[in-house]
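Listed below are the residues making up each chain.
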Amino acid sequence: MNPKLRELNFGFFMSTMIGLTGGIGSGKSTIAKVFATLGIPVFNADEVAKDLMQTNPEIKQKLIKQFGEQVYEKQALNKKFLASIVFNDPYQLSILNSIVHPVSIKTAWDWAAAQTAPYVIKEAALIFESAAAEGLDFIIGVTAPVNIRIQRVMQRDQCTPEDVQKRMHNHQ
């Protein structure tokens, strides 16, 4: 961790934070499950971001302002609608990320500060792209051949190879 951030800890114990990252379908969630099975606390940034989009009033307000009322349907995030916008337009994806990532990153640090394990894992697809790497002690990168990644995502999300490739391209 950045020494200046450790100084701000006022002498309290702060776990070593290890980032776990990789592209869609790379296997990072599987690796995170291995750490969790071993008793290591794991923060899943993608799941937390999804939860924040459902529960955080500030994020909800900004999403409605940016993407319109249809982004929520019966008080629930309309994931299909949002995905149809952000996975077809890298600019809109960057706006979504600029709304959600700062809150998600702060939530991760608050979570880490409450942990007592010697180290914790922060699983996130966009650690470098979102500036979430700042302050991490170590980063583990998970990779897999593109054809395997596409097959994994198609099976998991019930989508076409073109859908997966579009998502991969927009996350570069």
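An account of the accompanying structure is given in this report. (Residues numbered from 1 in each chain as written. Predicted model: local features only at pLDDT ≥ 70, side-chain atom pairs only at ≥ 80, totals over all residues. Heavy atoms only, no water.)

### Regarding the side chain of Gln92
No. 1: Mapped onto the elements of the fold, Gln92 is located in helix 6 (residues 90–113).
No. 2: Judged by relative accessible area, which is 16%, Gln92 ranks as buried.
No. 3: What Gln92 contacts, discounting residues up to four positions off in sequence, is Gln66, Phe67, Ile85 and Val86. (Helix = DSSP H or I, 4+ residues; strand = E, 2+ residues; numbered from the N terminus. Buried < 20%, exposed > 50% of the residue type's maximum accessible area, 1.4 Å probe, protein only. Contact = heavy atoms within 4.5 Å.)

### What to know about unusual backbone geometry
No. 1: With a phi angle near 55 degrees, Lys74 is a residue other than glycine that sits in the positive phi range.
No. 2: Inspection of the secondary structure puts Lys74 in the loop between strand 3 (72–73) and strand 4 (76–77).
No. 3: Residues other than glycine seldom take positive phi values, yet Gln158 does so here, at roughly 50 degrees.
No. 4: With respect to the element layout, Gln158 can be found in the loop between helix 7 (146–157) and helix 8 (161–170).

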